[in-house]
Amino acid sequence: MKVLQVGSSLLSWGGIERYIAYLSDGLAERGHDVAVTCGPGTPLNSHLSVPSIPILNRRKIDFPAMSKYLRHFKAVRYDVVHVHFSPDFLLPAIAARMTKQPCSIMTRHVVLPWSSTKVRLYSTLFDHFIPVSNAVQRQLEESGVPRQKMTVAKAGCPPLMPSRLRNDTRGELGIGDDRFAIGFFGRLVAEKGVDTIINASQSTEQRISFEVFGDGPLSAPLEEQALEVGSRVRFHGFRNDVPECLQAIDAVVIPSVWEEAFPYAALEAMSVGRAVLASRVGGMAEIIEEGSTGYLFNKGDASGLATMASKLAADPEENLLMGERARQVHRSTYTIQMMAERIEAVYMSQSRRVKAN
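Residues numbered from 1 in each chain as written. Predicted model: local features only at pLDDT ≥ 70, side-chain atom pairs only at ≥ 80, totals over all residues. Heavy atoms only, no water.

Draft legend 1. Quick look at the sheet that holds strand β2 (residues 33-38). Judged by pairing direction, the sheet is parallel, and its 6 strands sit side by side in the order β3-β2-β1-β4-β5-β6 without closing on themselves. The sheet terminates laterally at β3 (52-54) and β6 (128-131), the two strands that pair on one side only. When strand polarity is set aside, the average angle formed by the axes of neighbouring strands in this sheet is 25°. Pairing of strand β1 (residues 2-6) with β2 involves 5 bridges; the strand directions are parallel. From the neighbouring strand, V6 faces β2, where its bridge partner is T37. (Pairing = 2+ DSSP bridges. Helix = DSSP H or I, 4+ residues; strand = E, 2+ residues; numbered from the N terminus. Axes fitted to C-alpha atoms, helices over the stretch in contact; angles between N-to-C directions.)

The following block contains the structure:
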């Protein structure tokens, strides 16, 4: 199949950008002809291994971008046009309809409602929707999207491959051999719930430490908060060596207070064989098998997080078994190849349906 992934409004390197890059790789490996629209010089463009088409869509109504899409779609016919992010929901889809591209699909990456107006508009523009989790599907259904117009197809990621020895990285990070280190990886913004970690650290035993990897607008306030309460939370800032840092810690925490749809932070932790402590939001319960690959706690519940952290630290052997089970779940369910296979099945089904009509 000839497939266009639309990423022309994406300017950073977050979960949606990863999704597009990984999906493009997986589909190309399966023999499909894949291209991606994206802004020149963007992180997405630099991470692609398939051809890119230089279109930058800066806003929902961007006439230069619309003109470029129309010219491109008049020159090239795709079997599937697949969009992913809000500013791209209108112009590329309208251009695809105007030029009679046969099948348009949207992946919905967030657990947020749509108004009835958006449901009607998007249901007209797109032949099918791919929610990234059951939680997203439930939210869309509550908004009025018919269930038969959706197929949940969960994401995947490559296994992260550390290039240094665990003890070497722990030494560099200052994590002692007697420490049970729990790592957070992500942006330091309010919705990620890092303050829950700070509060939880005050009621865990001395040998448990929380290691925070990442930066963001709340970096300084969170560090100040941690110092004020004398917590055992250490901030390492942005790191390029995420696989090595994941290998260096003993478990991962994802304390988000907003509805995470299907975060790559969990999949990446599992790929390195780490148990995950996560707040019970969005699609987290679909990733973490309670008591098998990790534990869930209520969002914002510092006491619950502290209890789960202490439970892991008290049984190192079970923690290792949880991590190994997490690694096996990643290998059996959440690889790029399996992600591509799931989404390819949606493409095939919708293409057959469109041709039949």
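Let's pick the thread back up.
Draft legend 2. Highlighting the pairing of strand β4 (residues 80-83). Burial along β4 is two-sided: V80 and H82 and V81 and V83, pointing in opposite directions, are all buried. Note: β1 against β4, 4 bridges, orientation parallel. Bridge pairing in β4 links V6 to V83. The sheet contact formed by β4 and strand β5 (residues 104-108) spans 3 bridges and is parallel. Each bridged residue has a counterpart across the sheet, and for H82 the counterpart in β5 is I105. Running through helix α4 (residues 91-98), the crossover from β4 to the neighbouring parallel element β5 is right-handed. (Buried < 20%, exposed > 50% of the residue type's maximum accessible area, 1.4 Å probe, protein only. Right-handed = clockwise from strand over helix to strand, strands pointing away.)

Draft legend 3. Expanded view of the pairing of β1. In terms of burial, β1 is largely enclosed, as 4 of its 5 residues are buried. Taking the sense of rotation as the criterion, the β-α-β connection linking β1, helix α1 (residues 15-29) and β2 turns out right-handed.

Draft legend 4. The arrangement of helix α6 (residues 134-143) in detail. Taken together, the buried positions of α6 are A135, V136, Q137, Q139, L140 and S143. On its buried side, α6 packs onto β5, α5 (116-125), β6 and α12 (284-287). Count one or two residues on from α6 and you reach G144, which has phi positive near 115°. (Contact = heavy atoms within 4.5 Å.)

Draft legend 5. Looking closely at α4. Among the residues making up α4, those that are buried are L91, P92, A93, A95 and A96. Where the residues of α4 are buried, they touch β1, α3 (63-75), β4, β5 and α5. The first or second residue beyond α4 is K100, which carries a positive phi of 60°.

Draft legend 6. Quick peek at the packing of aromatic side chains. Evaluation of the coordinates by the stated rule reveals 10 aromatic pairs. Relative to F129, the ring of F126 has its centre 6.2 Å away and its plane inclined at 55°; by these criteria the two rings are tilted. Between the aromatic rings of F185 and F213, the centroid separation amounts to 4.7 Å while the plane-to-plane angle is 10°, which identifies the pairing as stacked. Taken together, the positions of F185 in strand β7 (residues 180-185) and F213 in strand β8 (residues 208-213) put the pair 28 residues apart, joining distant regions of the chain. Comparing F185 with F213, the two get one shared label, buried. Each residue in the set F89, W114, Y122, F126 and F129 is aromatic and connected to the rest through ring pairs, giving one cluster. (Phe/Tyr/Trp six-rings, centres within 6.5 Å; stacked < 30°, edge-to-face > 60°.)

Draft legend 7. Layout of unusual backbone geometry. In the Ramachandran plot, K100 falls in the positive-phi region, its phi being about 60° despite a non-glycine side chain. Looking at the secondary structure, you find K100 in the loop between α4 and β5.

Draft legend 8. Structural detail: the packing of helix α8 (residues 194-201) against helix α13 (residues 302-314). Running from N to C, α8 and α13 point in directions that differ by 65°, and their axes come no closer than 8 Å. When you trace α8 past α13, the crossing you get is right-handed. Side by side, α8 and α13 meet where T196, I197, N199 and A200 of the first sit next to A302, L305 and A306 of the second. Taken together, the residues of the contact of α8 with α13 sort by class into 5 nonpolar, 2 polar and no charged. (Left-handed = near helix turned anticlockwise from the far one by under 90°. Nonpolar A, V, L, I, M, F, W, Y, C, P; charged D, E, K, R; others polar.)

Purely geometric stuff here, so don't read any function into it on its own.
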